[in-house]
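Architecture at a glance
Below are the chains, spelled out letter by letter.
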Amino acid sequence: MFMLTPPSRRILQSLSSPSLSDPHFPQSAGKFSVSSLGQGFFKFAMRGRHVDAYSAYKRVTSRDYYNAYDRVEDSDRLLSGKDLGNPSWTRSLPHMLVAAVSSFLFGYHLGVVNETLDSISLDLGFNGNPFAKGLVVSTCLGAAFVGSLVSGYILDGVGHRRAFQLCALPMIIGASMSATAHSLWGMILGRIFVGTGMGIGPPVAALYVSEISPAFVRGTFGSFTQIATCLGLMGALFIGLPAKDIVGWWRVCFWVSTVPAAVLAICMEFCAESPHWLFKRGRGAEAEVEFEKLLGGPHVKFAMAELSKSERGDEVETVKFSELVNGRHFKMVFIGSTIFALQQLSGINAVFYFSSTVFKSFGIPSAIANVCVGVANLSGSIVAMILMDKLGRKVLLLGSFTGMAVSLSLQVSGASSFTSGSGALSLSVGGMLLFVLMFSLGAGPVPGLLLSEILPSCIRAKAMAVCMAVHWVVNFFVGLFFLPLLEKIGPQLLYTIFGIFCVLAVIFVKRNVVETKGKSLQEIEIGLQ
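Parameters at a glance
- Residues numbered from 1 in each chain as written.
- Predicted model: local features only at pLDDT ≥ 70, side-chain atom pairs only at ≥ 80, totals over all residues.
- Heavy atoms only, no water.
- pLDDT = per-residue confidence, 0-100.
- Contact = heavy atoms within 4.5 Å.
- Phe/Tyr/Trp six-rings, centres within 6.5 Å; stacked < 30°, edge-to-face > 60°.
- Helix = DSSP H or I, 4+ residues; strand = E, 2+ residues; numbered from the N terminus.
- Buried < 20%, exposed > 50% of the residue type's maximum accessible area, 1.4 Å probe, protein only.
- Axes fitted to C-alpha atoms, helices over the stretch in contact; angles between N-to-C directions.
- Parallel < 35°, antiparallel > 145°, perpendicular 65-115°, else oblique.
- Left-handed = near helix turned anticlockwise from the far one by under 90°.
- Nonpolar A, V, L, I, M, F, W, Y, C, P; charged D, E, K, R; others polar.
- 1 Å grid on protein atoms, 1.4 Å probe; cavity = no way out; pocket = protein on both sides within 12 Å on 5 of 7 lines; lining within 4 Å.
- Points joined across faces, edges and corners; volume = space filled by probe spheres on them.

**Describing the confidence of the model for the protein chain**
- Residues at a pLDDT of 70 or more form 78% of the protein chain, whose mean pLDDT is 79.
- Confidence over residues 1-63 falls short of pLDDT 50; this stretch has 101 contacts with residues more than four positions distant or in other chains.
- Note on residues 68-81: pLDDT under 50 across the span, and 24 contacts to partners over four residues away in sequence or across chains.

Have a look at this one:
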């Protein structure tokens, strides 16, 4: 259900649309509310009654819609953003929170095998087989790579809401298969399904949140997806703790993940579609309806005018994949891919993998180690959410990579022969926790948000998919070669290499990244042209 503003009625009338006095045309706006799903289900059930009237407006092209705005501008001037003030962030908050469920699932499935892998191997008969254990983990990463590659085509084809549902579906299927597995191959097949959903989720969430959020809180909302990932990791940790004592508890851990996945799929039915995607598909009237849900009626005209500056709907060209890697869009894709590659080459996942070993070497149980790392990650993400729209993306990235380089130097000192006892403990453990904290302040939450802002709208979905695919490839190889390199060259040299990559990241960000704080997506795109 939706309601058109008076200027919008004149626009559609100028396009020879059906009369708005039609008694079947809806006259009240439906508002999304997580707290009143009953009302939402009613609206979902009733919306079929308005399909005929609504479809007449779907076929209005964005080009004609833009021209219509020009025709009525003299009689109804568009207010500037400054005149209107900022829209209420509470309108888009529920939609962002639902999207963040996909990030929670991403974090949960990353961590669900950490505490349960030994129990799984005992029950399924591959205990003592490190290759089989590696398959359970690596197949998920490989499937995530495939999922991230196809996410761009899914987004452009069916939109953000359906993409979220297609992300949740393989996670439900895969988690159910893993929970009921009675062999190694059954578990691996389930992990492949889950990994596919994990690959689709991050780029879809980053783009959706950036496109539905008001500019003045886009950084804060974007940071919340990182917080959701941290909560997912910590949730998997705490739920998995009884796995060593209770036989078959690992199956419960997989079953639990189907609940938030189902919530994501169902709640997305009541969330707004991205107005940017609708407008690009030539559905300007629907884009206005979604803007009214997200920003409020007074801001609709200004938002549509801003959108029309950089996009002309049906006129937007179809970008081929080859143009992303060898064409005029290569520079932006290169910047995004490099940021994600440097994020992984900083050694963050290697530090996560090695954290339990470092804590154990000083007599600290692995469970306490995981909790400490999780708290550091969550704390930094919360601080980043607060600072994102105050200090800006570039400042947080520079400070984050610089702090990571300093913390790696502390870990190098702790691993040297010049320190021992309590000094080595303080440097190694303190450096590791500081590293995780500094990562979560910028290098963790910023890349996904930044790319969703700087990528041009015509390539945004496909380019984001390519950048995330690079992320998964580098992530895979860092995890693959970390332990062999650790044995051959030792922690001092390995952490030094990671530190060098952090310094290179500082230089790259300083030279190539632009600040996007407080700017609309259209202002950013026009400024980068």
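**Describing the packing of aromatic side chains**
- Applying the stated criterion to the full structure yields 9 aromatic pairs.
- When the ring of Y495 is compared with that of F498, the centres are 6.4 Å apart and the planes differ by 45 degrees; the resulting orientation is tilted. Pair noted here: Y495 and F498 are both in helix α24 (residues 460-512), with a separation of 3 residues, about one helical turn.
- Residue F498 is classed as buried on the basis of its relative accessible area, which comes to 7%.
- One aromatic cluster is present, built from ring pairs that chain together F330, F334 and F508.

**Things to note about the packing of helix α6 (residues 93-111) against helix α11 (residues 218-240)**
- Taken N-terminus to C-terminus, the directions of α6 and α11 make an angle of 40 degrees; their axes are 7 Å apart at the nearest point. Between α6 and α11, the angle is such that the two are oblique. In this structure, the crossing between α6 and α11 has a hand that is right-handed. Touching L93, M96, L97, A100, S103, F104, F106, G107, Y108, L110 and G111 of α6 are F221, F224, T225, A228, T229, L231, G232, L233, G235, A236 and I239, all from α11.
- Of the residues that constitute the contact of α6 with α11, the class distribution is 15 nonpolar, 7 polar and no charged.

**Considerations on the side chain of S102**
- Inspection of the secondary structure assignment puts S102 in helix α6.
- Apart from the residues lying within four places of it in its own chain, the contact partners of S102 are F164, G201, A205 and L264.

**Structural notes on empty space enclosed by the protein**
- Within this structure, the stated rule accounts for 2 cavities of 30 Å³ or more.
- Quantified by volume, the largest cavity comes out at close to 100 Å³.
- Residue lining of the largest cavity: 12 residues in total, with H160, E211, W277, K280 and S457 positioned closest to the centre.
- Of all the elements in the fold, those that place two or more residues in the lining of the largest cavity are α8 (130-158), α10 (184-212), α14 (275-280) and α24.
- With 3 residues, α14 is the largest single contributor of residues to the lining of the largest cavity.
- When the residues that make up the lining of the largest cavity are grouped by side-chain class, the tally is 4 nonpolar, 3 polar and 5 charged.

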